[in-house]
Amino acid sequence: MKELIKHARELLENGEVAAVIGYRQVSAKRTKPVIITDPEETSALVFNEYCLNNLAVYLTKARIKLLCKKNDKVLKLAITAKPCDVHSIVALIQENQIDRDTIHIISFNCHGVAKDFGFDFNGDNLASKCITCETHKPLYYDALFGEVKETPQASDTALARIKEIESMPHNERFEFFKSEFDKCIKCYACRAVCPLCYCQRCITDKTIPCWIETSSHQRGNFAWNVIRAFHLSGRCTGCGECDRACPADIPLSLINRKMSMEAKNLFSFVSGRSLETPTLVGSYNEKDNNELFM
Amino acid sequence: MTQRSIQMDEKIISRVDLLNICQDVIEKGNTLLTPGVADYSVVKDVSNLNLDASALPSKISYKSYVFPRTEPVLYYKRSKNDVQLIDVNIDSKKIVILGAKPCDANSLNIMKHLFNWDYSDEFFNMRAKNFIVIGLMCSHFDEYCFCTSVGSSPVSEKGSDIFLIPLDENNYAMKIITDKGKEFITPYSGYLKSGDENRSKRITENVKQPDVAFDSSEVYKWLGENFESPKWEGVGNLCLSCAQCAFVCPVCHCFDITDEDYSYTEGRRMKNWDGCQFGNFTLHASGHNPRDIQSKRYRQRVNHKFRYYVNKFGEILCTGCGRCSRGCPVSVDIKEIVSNCKNDQKELR
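### Description of empty space enclosed by the protein
All names here are of chain B.
Here is step 1 of the chain: Counted by the stated rule, this structure contains ten cavities of 30 Å³ or more.
Here is step 2 of the chain: Roughly 160 Å³ of internal volume is contained in the largest cavity.
Here is step 3 of the chain: In terms of lining, the largest cavity is formed by 15 residues, of which the most central are Cys239, Cys245, Tyr298, Cys328 and Val332.
Here is step 4 of the chain: Among the secondary structure elements, those contributing two or more residues to the lining of the largest cavity are α9 (244-248), α10 (294-313) and α11 (323-327).
Here is step 5 of the chain: For the lining of the largest cavity, the residue count by class is eleven nonpolar, three polar and one charged.
Here is step 6 of the chain: Estimates place the volume of the second largest cavity at around 120 Å³.
Here is step 7 of the chain: Taken together, 15 residues line the second largest cavity, and the ones lying closest to its centre are Cys252, His253, Cys254, Cys276 and His304.
Here is step 8 of the chain: For the lining of the second largest cavity, the leading source of residues is α10, giving three residues.
Here is step 9 of the chain: The residue inventory of the lining of the second largest cavity, partitioned by class, reads eight nonpolar, three polar and four charged.

### Observations regarding the side chain of A:Thr204
Residues and elements named next belong to chain A.
Here is step 1 of the chain: Along the polypeptide, Thr204 turns up in the loop between α7 (189-193) and α8 (218-232).
Here is step 2 of the chain: Residue classification places Thr204 among the buried residues on the basis of a relative accessible area of 2%.
Here is step 3 of the chain: Dropping the residues within four chain positions of it, Thr204 is found in contact with Tyr188, Arg191, Ile212, Thr214 and Trp224.

### As for the nonpolar core
Here is step 1 of the chain: The biggest cluster of nonpolar side chains holds 125 residues, and the ones touching the most others in it are A:Tyr58, A:Leu59, A:Ile89, B:Phe131, B:Trp232 and B:Phe306.
Here is step 2 of the chain: Aside from chain neighbours lying at most four places away, what touches B:Phe306 is B:Val150, B:Phe214, B:Val219, B:Tyr220, B:Leu223, B:Ile316, B:Cys318, B:Ile334 and B:Val338.
Here is step 3 of the chain: Judged by nonpolar contacts, the second largest core, of 26 residues, contains B:Ile13, B:Leu32, B:Phe184 and B:Leu192.

### A short note on the domain arrangement of chain A
Residue and element names in this part refer to chain A.
Here is step 1 of the chain: Domain boundaries in chain A define domain 1 (2-145) and domain 2 (157-267).
Here is step 2 of the chain: Each of domain 1 and domain 2 has a C-alpha centre, and the two are 26 Å apart.
Here is step 3 of the chain: Among the residues domain 1 hides against domain 2, the three largest losses belong to Asn54, Val57 and Glu95. Together they make up 29% of the total.
Here is step 4 of the chain: Here domain 1 and domain 2 share one salt bridge between them.
Here is step 5 of the chain: Ionic pairing is found between Arg235 and Glu95, a salt bridge with its closest N-O pair at 2.8 Å.
Here is step 6 of the chain: Looking at the side of domain 1 that touches domain 2, the elements with two or more residues in it are α3 (83-94) and α4 (128-131).

What counts and how
- Residues numbered from 1 in each chain as written.
- Chains lettered and ligands numbered in written order.
- Predicted model: local features only at pLDDT ≥ 70, side-chain atom pairs only at ≥ 80, totals over all residues.
- Heavy atoms only, no water.
- 1 Å grid on protein atoms, 1.4 Å probe; cavity = no way out; pocket = protein on both sides within 12 Å on 5 of 7 lines; lining within 4 Å.
- Points joined across faces, edges and corners; volume = space filled by probe spheres on them.
- Helix = DSSP H or I, 4+ residues; strand = E, 2+ residues; numbered from the N terminus.
- Nonpolar A, V, L, I, M, F, W, Y, C, P; charged D, E, K, R; others polar.
- Buried < 20%, exposed > 50% of the residue type's maximum accessible area, 1.4 Å probe, protein only.
- Contact = heavy atoms within 4.5 Å.
- Core = buried A, V, L, I, M, F, W, Y, C linked by side-chain atoms within 4.5 Å.
- Domains from an automatic or database assignment.
- Buried area = accessible area lost by both parts, 1.4 Å probe.
- Salt bridge = Lys/Arg side-chain N within 4 Å of Asp/Glu carboxyl O.

See the structure below:
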């Protein structure tokens, strides 16, 4: 932690960055995001198994970009990111939402995080994405801290659930999603926490014409959740923040993970892993699998 | 909505008999609600009832059963020279909620001011009239609870028609608070035994209560003097503009009216939950937005709860349940924010 604080402090003091986006501890098993511009406040920075938020969501916010403008100069923005959050940053760079040169990535060797605040960190309470995680060391970074430790063992229940849903007869699967989407209250927390839901104006906010009914009835909920799944297909990096944020406990990451599995199977593409390859939706190859077209 | 308090001796009811009453409520075709982890749910089998006073409040409050997240307010048919409006039949089924947390129980009493202010909202009033709240003393509290800072407490009977206090594993002290509660319980009086107020008092007096985190009158004063304070920028930078806080809140009541066409000639007018943290909540047709940035929206949320509602209706628009903070994706804690509404704090966040 000392290294992290020292590094963040130096960045701010030397005027290399305008702000550091990081985590601060609020209770034993809970942290929250903090945006620091004063070097004195860097002492609050932490990194541990309760740094659940994917802070990449802040990088595209106009008000955060404004913080970087100082006396006609545009300074960098430092962000503390878990290796999986770096995937989101990569996806944002690939989609031309942020510039690699304006971001200073402070990352960590990571052995996983808890599934939610307040839980003990162990195999039973490991975040779903950490169970199958292959990037304990970030793929891109400007500063790296922390030792590699062993990730607790846990079984991939989410994958088992996906297989189970896949094997359901069509009508049963429809009933499953109907009952899940019925719980949706349309608070759009899933959209708010998603780093890749960066649209200035979301399709659901468009009223003339009204593509997605704002009513939180069955049709409106289906329209919203399905369009979100489509818009994230081949783009979602699997951070699982939508799942955690949902007050109605809808297993949104099952849908996103299933779509990611499809992208991998059909196009050998995994989002947010490489700055060298183009995005899946933004590239076209004649040899692409066309099984999907009817 | 009769909320007149009545004086009645305290009763004792066994858990088994309480379940018998619940079974009868269900068999008579009424709706029985019980708190769950995410939401309150309709009980079909009484063995699934949650009567645990130490349970964490569900993530979502039960307001949707009185003020649904979406509902039609009228249907319309268009013809060449005419528009025909068709009224909606409001479902008037009796709803019994068993095990309401004291912080939830008072929600309808707080919201009814708004729904009966310049216009009497028949949808809200009809459902509230048929709503019976059986409150249960609360022995849960965590870092987000602050009922004691907004004039309530884990043993508050406010808003309950009947109030339960667990005496031991199998028995509850039952206080009948309102006429509505009395009317509900009278057919079941055979199940009730006479109770001892001293016994339940010993329990309620020893319940652990959250410390008072702030003085709401000081917050009220600070808000009035600090509308333009730059301190709002801190939380404005953090908040991600979803409506989780408003939608899980037991007393947030903003709604939007929108028309849904089925065809060229028919459609319905919907009343849908809306949240003040959404960017387009105050977006005018002209394109002007008086709350164009997040700090102004968060300021509105706090002012509405702790100043404007107090001005207009004399009550704080908050029950201290802490749901908004517990569920906030970026852990914005309203108790922390409001506690810091004073001059010696550098920034609100």
